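Here is how the chains run, residue by residue.
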Amino acid sequence: MNPSATRIMAATRKELSDAAPVWFMRQAGRSLSQYRLLRQRMTLLEMVRDPAVCCEVTCMPVDLLGVDAAVLFADIMLPLEGMGVPFQMEDGVGPVVTDPLRTQLQIDRLRVVSPEEATPYLFEAIGLARRALGQRAALIGFGPSPFTLACYLVEGKGSRDFPHVRALMYGQPRLWHQLMGTLTEVLARYLVAQIEAGAQLVQVFDSWAGILDAQAYRDSVAPHLRRLFARLEPSAPAIYFSTGSTHLLGAIAEVGAAGISVDWRLSLAEAWSQIGPDFFLQGNLDPALVLGPWEVLERGAMAVLEGAAGRPGHIFNLGHGVLPESDPGQLRRLVEFVHEFDPKLVQPLRDRGQG
Ligand code: CP3
């Protein structure tokens, strides 16, 4: 058996291992009773700001679920620390920005901070987690994309389709690009600092990209992503995550990320046939399947593995985060199922001209 950390790094180089590596977005969170216990006495941000607790929660799913990677326990809002934009994390709501950014003056005032000064506790937690994990699992760092962070900054909170964000983007393109430029610089420094502290790969969450049409994405978002990934790729492989964005896949393939996370709306085989074999892909089981009976989950997992068709460069994951009501026992069984499946067995599929 390959050690887990090797297995996932091999996938980023598009090498085939004994099994597909597997981890789950939101694996460290409310579905785990050990996490809920800690959470009773600390807020989310208190946990993130305490390196020992942050390290403990980050590593928890490796022991409990057997996944091949741990993902830093933090939130996409952390890079705002020190930028001069107050925010809160509200239970059941998510991030809330007290004074949403809508004017030139507010955007001029944003500070580009040094991440080591703004969030020193995060880099300490990364160092601790990396030592604690050793070869048991790889450590994944993460941050928001400039666009998804801008969504919270301009709208003020989560929204179905972020009308104020789109209004600023279409109506004041110069101001929009200024905001995106500042955020891109902050995020590049933030992610590079995570890599320097010990993260072996990084994932950029563009959770809301799917609200845009392809032209708006190409004009208003993609140029900034290209600059961001150009800063990351020399140091570590990067995964670009979005959801509900099947219509953007062609544009996404041009932003410079080596890895692309695909949701359940598109099969991996279809995604590869659209963008070509140079990318490694992550995904793409529907998280709702984890709630169903094992037989249904197993069938879904098999379909994902068959969608990958034994191609090198598949990281098994859900198409979006673990739902809070998921049973960790099901997740553990899913990890075992993926690990027992030999990707070489489906090689004939590839040779039959599907790849
Ligand atoms: O999920 C959990 O139980 C962990 C704890 C938690 C996090 N953030 C950590 C986190 C909780 C309760 C939040 C609040 C939060 N943050 C919400 C409320 C809705 C919710 O899920 O409870 C929202 C919308 C956010 C903003 C946010 N954070 C987004 C949009 C993303 C990107 C992923 C996505 O779901 O689209 C995050 C990332 C995030 N928050 C991670 C963690 C540990 C990323 C790493 C990972 O996938 O585990």
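Being a predicted model, the structure only gives us computed values, none of them experimental.

Draft legend 1. Structural view of helix 15 (residues 294–308). For helix 15, spanning 15 residues, the distance from its first C-alpha to its last is 21 Å, which sits close to the expected 21 Å at 1.5 Å a residue. Among all positions of helix 15, only Trp 294, Leu 297, Gly 300, Ala 301, Val 304, Leu 305, Gly 307 and Ala 308 are buried. Along the axis of helix 15, the buried positions cluster into a sector of 155 degrees, meaning they face one direction only. Elements that come into contact with the buried residues of helix 15 comprise helix 14 (268–275), strand 8 (280–285), strand 9 (314–318) and helix 16 (328–340). Of the residues trailing helix 15, Ala 309 is marked for its positive phi of about 50 degrees.

Draft legend 2. Region of the structure containing the side chain of Asn 284. Considering the arrangement of structural elements, one finds Asn 284 in strand 8. Among the residues examined, Asn 284 registers a relative accessible area of 7% and is labelled buried. Within the local environment of Asn 284, its side chain forms a polar contact with the backbone oxygen of Asp 263, the two atoms lying 3.2 Å apart. Of the polar contacts made by the side chain of Asn 284, one reaches the backbone oxygen of Leu 266; its length is 2.6 Å. Among residues more than four places away in sequence, those in contact with Asn 284 are Val 262, Asp 263, Trp 264, Leu 266, Ser 267, Leu 268, Val 304, Asn 317, Leu 318 and Gly 319.

Draft legend 3. Fine view of the packing of aromatic side chains. This model, assessed by the stated rule, comprises eight aromatic pairs. Each ring, one from Trp 294 and one from Phe 337, has its centre 6.0 Å from the other, and the planes form 80 degrees; the classification is edge-to-face. A residue pair is termed long-range when its members are at least 10 positions apart, and Trp 294 in helix 15 and Phe 337 in helix 16 qualify at 43 residues. A relative accessible area of 13% means that Phe 337 is categorised as buried. Clustering of aromatic rings is evident, with ring pairs tying together Phe 142, Phe 205 and Phe 241.

Draft legend 4. Main features of the pairing of strand 3 (residues 94–97). Alignment of strand 2 (residues 87–90) against strand 3, held across four bridges, turns out to be antiparallel. Within the sheet, the bridge partner assigned to Phe 87 lies in strand 3 and is Val 97. In textbook terms, the turn of a hairpin is the stretch between consecutive antiparallel strands, and for strand 2 and strand 3 this stretch comprises three residues, one of which, Gly 92, has a positive phi near 80 degrees.

Draft legend 5. Geometry of the sheet that holds strand 8. Strand order in the open sheet made by the seven strands is 1-4-5-6-7-8-9, with parallel pairing throughout. Each edge of the open sheet is held by one strand with a lone partner, namely strand 1 (69–71) and strand 9. Sheet twist, expressed as the mean angle between neighbouring strand axes with direction ignored, is 25 degrees. Strand direction decides the pairing type here: strand 6 (residues 238–241) and strand 7 (residues 259–261), joined by three bridges, are parallel. In the strand pairing of strand 7, Phe 241 is matched with Ser 261. The sheet strands contacting helix 1 (residues 4–12) are strand 1, strand 4 (138–144), strand 5 (201–205), strand 8 and strand 9, and the helix crosses strand 9 at an angle near 110 degrees. Contacting strand 4 and strand 5, helix 10 (residues 173–197) runs over the sheet at an angle of about 170 degrees to strand 4.

Draft legend 6. How the structure looks around the layout of surface pockets. Here the largest pocket is characterised by a volume of approximately 1200 Å³. In this structure, the largest pocket is lined by 40 residues; those nearest its centre are Arg 26, Arg 30, Leu 44, Asp 75 and Met 89. For the lining of the largest pocket, the secondary-structure elements that each account for two or more residues are helix 2 (33–41), helix 3 (44–48), strand 2 and strand 3. Residues belonging to the lining of the largest pocket are distributed by class as follows: 24 nonpolar, ten polar and six charged. Around the second largest pocket, the lining residues are Met 83, Gly 84, Val 85, Pro 86, Asp 99, Leu 101, Gln 106, Arg 109, Leu 110 and Arg 111. Of the residues assigned to the lining of the second largest pocket, the class counts are five nonpolar, two polar and three charged.

Draft legend 7. View of empty space enclosed by the protein. Summed over all chains, the structure comprises three cavities of 30 Å³ or more. The calculated volume of the largest cavity comes to roughly 130 Å³. Around the largest cavity sit 17 residues that line it, and Leu 16, Ala 20, Arg 311, His 314 and Pro 343 are the ones nearest its centre. Across the lining of the largest cavity, the residue classes break down as eleven nonpolar, four polar and two charged. In this structure, the second largest cavity occupies an estimated 100 Å³ of space. Taken together, Ser 242, Thr 243, Gly 244, Ser 245, Thr 246, Leu 249, Ile 252, Ile 260, Ser 261, Val 262, Asp 263 and Leu 266 make up the full set of residues lining the second largest cavity. At the level of secondary structure, the elements contributing two or more residues to the lining of the second largest cavity comprise helix 13 (249–252) and strand 7. Tallied by class, residues from the lining of the second largest cavity come to five nonpolar, six polar and one charged.

Definitions and cut-offs
Residues numbered from 1 in each chain as written. Predicted model: local features only at pLDDT ≥ 70, side-chain atom pairs only at ≥ 80, totals over all residues. Heavy atoms only, no water. Helix = DSSP H or I, 4+ residues; strand = E, 2+ residues; numbered from the N terminus. Expected span 1.5 Å × (residues − 1). Buried < 20%, exposed > 50% of the residue type's maximum accessible area, 1.4 Å probe, protein only. Arc of directions from axis to C-beta. Contact = heavy atoms within 4.5 Å. Polar contact = N/O pair within 3.5 Å; in protein donor to acceptor, adjacent residues only side chain to side chain. Phe/Tyr/Trp six-rings, centres within 6.5 Å; stacked < 30°, edge-to-face > 60°. Pairing = 2+ DSSP bridges. Axes fitted to C-alpha atoms, helices over the stretch in contact; angles between N-to-C directions. 1 Å grid on protein atoms, 1.4 Å probe; cavity = no way out; pocket = protein on both sides within 12 Å on 5 of 7 lines; lining within 4 Å. Points joined across faces, edges and corners; volume = space filled by probe spheres on them. Nonpolar A, V, L, I, M, F, W, Y, C, P; charged D, E, K, R; others polar.

Everything listed is a geometric property; what it means functionally is a separate question.
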